[in-house]
Amino acid sequence: MFSSGPTTEINYNFVDLVDTCKLQYLMESFYAATNIPCGIVDMEGNILIAVGWQDICVKFHRLDPVTEKRCRESDKHFIEFFENSSAKDKGYMEYICGNGMIDIGIPIHVEGKHLANIFLGQFVYEKPDPDFFIKQANEVGFDVDEYLKALDKVPVLSKDKVTHIIDYYIKLASFLTDIGLQNLQLVRAEEALLLDEKRLEALLKLNQMYDTTFEDITDFVREESIALTNSKIGYLAILNDDGTLLSMHSRTQVTVDECIVKDDVPDYPLESAGFWVEAVRQERPVITNDHAALDPLKKGYLGEHLKILRHMDIPVFDGDKIVAVAGVGNKEMPYVESDVRQLTLLMDGMWRMVKRRKAEDDLYKSEGRNRSILNSIPDLMFKFSGDGTFVDYNKPSEGSLIFPASDFIGKNISDIFPQHISTPSIVNIKKALKDDNIEIFNYQMDLDDGVRYYESRFVATGEDEVLAIIRDITDRKETEKILLEKAEAEAANLSKSKFLANMSHELRTPLNAVIGFSEMLAGKNFGELNEKQERYVKNISSSGTHLLNLINDILDLSKIEAGKMELFIEEFNSLDAIDEVCYSLMPLILKKDLKLNFSVDEDVRWIFADITKFKQILYNLLSNAVKFTSEGGSITISGSIIGDEGHFSVEDTGKGIAPDYLSSIFDPFSQVEKFETKVEKGTGLGLALVKCFVMLHEGRVWVESEVGKGSKFSFSLPIEPIHIGESSMPYLK
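Below, the structure is looked at part by part. Nothing here was measured: the structure is a model prediction, and the numbers come from that model.

The rules behind the values
Residues numbered from 1 in each chain as written. Predicted model: local features only at pLDDT ≥ 70, side-chain atom pairs only at ≥ 80, totals over all residues. Heavy atoms only, no water. Pairing = 2+ DSSP bridges. Helix = DSSP H or I, 4+ residues; strand = E, 2+ residues; numbered from the N terminus. Axes fitted to C-alpha atoms, helices over the stretch in contact; angles between N-to-C directions. Contact = heavy atoms within 4.5 Å. Core = buried A, V, L, I, M, F, W, Y, C linked by side-chain atoms within 4.5 Å. Buried < 20%, exposed > 50% of the residue type's maximum accessible area, 1.4 Å probe, protein only. Phe/Tyr/Trp six-rings, centres within 6.5 Å; stacked < 30°, edge-to-face > 60°. Lys NZ or Arg CZ within 6 Å of the ring centre and 35° of its normal. Polar contact = N/O pair within 3.5 Å; in protein donor to acceptor, adjacent residues only side chain to side chain. Arc of directions from axis to C-beta. Patch = residues over 30% accessible without salt bridge, like charges linked within 9 Å, V, L, I, M, F, W, Y side chains within 5 Å. Areas by Shrake-Rupley, 256 points an atom, 1.4 Å probe, with all protein chains shown as cover. Salt bridge = Lys/Arg side-chain N within 4 Å of Asp/Glu carboxyl O. Parallel < 35°, antiparallel > 145°, perpendicular 65-115°, else oblique. Left-handed = near helix turned anticlockwise from the far one by under 90°. Nonpolar A, V, L, I, M, F, W, Y, C, P; charged D, E, K, R; others polar.

### Regarding the sheet that holds strand β15 (residues 380–385)
The strand order across the open sheet formed by five strands is β16-β15-β19-β18-β17, and the pairing between neighbours is antiparallel. Of all strands in the sheet, those with a lone pairing partner are β16 (390–394) and β17 (439–447), marking the two edges. Between one strand axis and the next, the sheet turns by 25° as a mean value, whatever way the strands run. Docked against the sheet, helix α14 (residues 419–435) engages β15, β17, β18 (450–462) and β19 (465–472), running at close to 165° with respect to β17.

Below, the structure is given as structure tokens:
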């Protein structure tokens, strides 16, 4: 979208976002424990909350004009201080008043907007000098004895205690920021919902405007667009068929004070029209929140020189063709994306209404024209008299009628159809005649080929005549059912993933105990074992370890699906990581007398990635290569920089993978082992995890294989560091 000026609307205060009554109660409790006055002051210096302010402030400083002015200056000093970016980073400000008393200020921000300050103060680090306050009392005119009594109530605190209190209030300010942001999001959601309701109400009224002219419709839509976007002016212009001329059908009538009137020309050639039709030329919405700024696109105004402060216009599409342009202007706040959305949806509804009105106008012209239009519509149609008697019909194809025409023409609908269809139909016929609205009725029928669903639309076509358009919506109902079942299945799958991701402790703990105790038995910590016992204990340990690996892999996949898998990106030596993985698998490599080759470029030594996930990717690929490479074979690990990616690969000289299986090789529970014989079974999740971990890094993974010649598994990772938090893997669902 073309945009000039800010498009984020900020129009809220602290009291709009935080419950100050509850906050008052919280701060009163804190004062009862610390005896330190505290409060909250907004950006205009208004005291929103005041708790425990000492008599010296309430009865003296804030009541006398001279000292009250000094207090206001202190408040202003706090506000100006926190406008400084370096001060924001500190999180608080300590201010020593001229009389030696200490004030602490802590800012509260929401979305970067400074809303208010938490104040705590009216304390001193050392006992105050009474002579100073006696002098001040005499200068201002305070009662000296009463003033000194108030001074005695001012607490003397250590700096360590104040430091702890400041830390508490900084955390409170952060908490209030979070609460304010949540409430702000809720308010915006409610405002968006209210706008949607207003737009739907406008569309409902629009759909009821059957006896109005086209100009009345465009004027109504213009005024609704102004109301929906809180604008002051608006217009709607229609584009001619060849897209060269705009006709102004509706625009706000402004007073003489607001504009300089030019010749009232209703038509504008597009090539010379001004900035107000830029949306047509760019074929997208245009927002201008600073209309005074210089812009080469400003060729002129829409017939009258309005005092435009802000402006937004959108193209109205009919399919892929622009048919009109609508615009609004002079909103008090900047235009935002929600304004574009509301105006676009309203104009789309208007244009559909215009098209429908045109079709209905054509329908009224002549009976012959009516018949030709009816014959072109693919829906079954009936004409009814006001009491529900069948007058005429139009069938789109043979077999559309459930009964022969001779069975119902001239008869009442209640004589043909069951009561659950006939009674509501007669009610809708009468409502259509009375209100001149389109009435809709959905029903189902049990036929020989099963249950069918229908939608009937009733519209008055005369003083005592109604047209009913009947559409078979069975396919749509079935589609809706399938979509609902799919959504329910996806929700169930997500719940399953979240459940498994949160069950890691409960699943792993007993297995670790089984494995641990079996290893202790195998190690003969509790005495010698006979041959049979030793074999069984080893089976327990081996089976437990295999099951734990399977559970770990399932939980890793579930974490990813549930959006709980995190990456910890750091720079590390990839060669060291590769060596570590190779070392862990060296016993298996040596056992099968495999030759391990390396071809890793120096350029790819240092990379940015999650080192744990990188090792697991490489371990899974290398362990598969070792598993499926025959004795005496070779494995090659390669690495290089290609473009802006680091490419790594593990290539073996095994039997390879048949082409039919390559497309599903990275799917969960798709085991490479099934292509080999007499090998140890795996979990079927290793390559699925490889794909997950690589894609979490925004990389790619692929395989090249030929039966009898071996396989080459490769993956790529971005060279530059990336920042990724929680992520989900929808392709696993």
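### Let's talk about the environment of Glu 439
The topology assignment puts Glu 439 in strand β17. Spatially, the C-alpha atoms of Glu 439 and Ser 425 are 9.5 Å apart, while their sequence positions differ by 14 residues. With sequence-adjacent residues up to four places away left out, Glu 439 is seen in contact with Asn 428, Lys 431, Ala 432, Ser 456, Arg 457 and Phe 458.

### A closer look at the nonpolar core
Looking at soluble globular proteins, one finds that nonpolar side chains tend to be buried together. Residues Phe 614, Leu 621, Leu 622, Ile 635, Phe 713 and Phe 715 are the most contacted members of the largest nonpolar core, which totals 39 residues. Counting only elements with at least two residues in this core, the list comes to α18 (574–584), β22 (606–609), α20 (611–628), β23 (634–642), β24 (645–652), α22 (686–696), β25 (700–706) and β26 (710–718). Residue contributions to this core peak at seven residues, all from α20. Leaving out residues up to four positions away in the same chain, Ile 635 has contacts with Leu 594, Lys 595, Leu 596, Asn 597, Leu 622, Ala 625, Val 626, Thr 629, Val 650, Glu 651 and Asp 652. Ranked by size, the runner-up nonpolar core spans 31 residues in total, among them Leu 23, Ile 36, Val 51 and Leu 172.

### Quick look at the packing of aromatic side chains
Tallying each qualifying case throughout the model produces 20 aromatic pairs. Aromatic side chains Phe 614 and Phe 648 sit 5.2 Å apart centroid to centroid with 75° between the ring planes, which places their arrangement in the edge-to-face category. Here the residue Phe 614 occupies a position in helix α20, and Phe 648 occupies one in strand β24, the gap between them amounting to 34 residues. Both residues of the pair, Phe 614 and Phe 648, count as buried. It is Lys 159 that lies over the ring of Tyr 125; its NZ or CZ is 5.1 Å from the centre.

### Focus on the pairing of β16
In this sheet, β16 lies alongside β15 in antiparallel orientation, the contact comprising four bridges. Within β16, the residue paired with Phe 382 across the bridge is Tyr 393. The turn linking β15 back onto β16 is made up of four residues, and Gly 388 within it adopts a positive phi angle of 95°.

### With respect to the side chain of Asp 610
Looking at the secondary structure, you find Asp 610 in the loop between β22 and α20. Polar contacts involving the side chain of Asp 610 include one to the main-chain amide nitrogen of Thr 612, which spans 3.0 Å. Not counting the four nearest positions on each side in its chain, Asp 610 is found in contact with Glu 566, Leu 567, Phe 568, Ile 569, Phe 572 and His 697.

### Looking at helix α7 (residues 144–152)
Given 3.6 residues to a turn, an α-helix orients residues that are three or four positions apart in the same direction. Looking only at α7, the buried set comprises Tyr 147, Ala 150 and Leu 151. Seen from one end, α7 has its buried residues packed into an arc of 105°, which puts them on one side. Opposite the buried face of α7, at more than 90 degrees from it, the exposed residues are Asp 145, Lys 149 and Asp 152. Capping the start of α7 is the job of one residue whose side-chain oxygen sits 3.2 Å from the backbone nitrogen of Asp 145: Asp 143.

### Overview of the sheet that holds strand β4 (residues 93–96)
One open sheet accounts for five strands, arranged β3-β2-β6-β5-β4; its pairing is antiparallel. If you trace the sheet from one side to the other, it starts and ends with β3 (47–51) and β4, each paired once. Taken over all neighbouring pairs, the strand axes of this sheet differ in orientation by 25° on average, direction set aside. Pairing geometry for strand β2 (residues 38–42) and strand β6 (residues 113–123), over five bridges, is antiparallel. Among the inter-strand pairings, Gly 39 is bridged to a residue of β6, identified as Phe 119. Along the sheet, helix α2 (residues 20–34) makes contact with β2, β3 and β6, crossing β3 at roughly 30°.

### Comments concerning a nonpolar patch on the surface
Side chains of Phe 517, Met 520, Leu 521 and Phe 526 sit close together on the surface and give an oily, nonpolar patch of about 410 Å² of accessible area. Counting through the fold element by element, Leu 521 comes out in helix α16 (residues 504–522). For Leu 521, a relative accessible area of 35% translates into the label partly exposed.

### Digging into the packing of α18 against α20
Close contact between α18 and α20 brings their axes to 10 Å; oriented N to C, the two are set at 45°. By the angle between their directions, the pair α18 and α20 is classed as oblique. In this structure, α18 crosses over α20, and the sense of that crossing is right-handed. From α18, Ser 574, Ala 577, Ile 578, Glu 580, Val 581, Cys 582 and Ser 584 reach across to α20, where they touch Phe 614, Lys 615, Leu 618, Tyr 619 and Leu 622. Grouping the amino acids of the contact of α18 with α20 by side-chain chemistry returns eight nonpolar, two polar and two charged.

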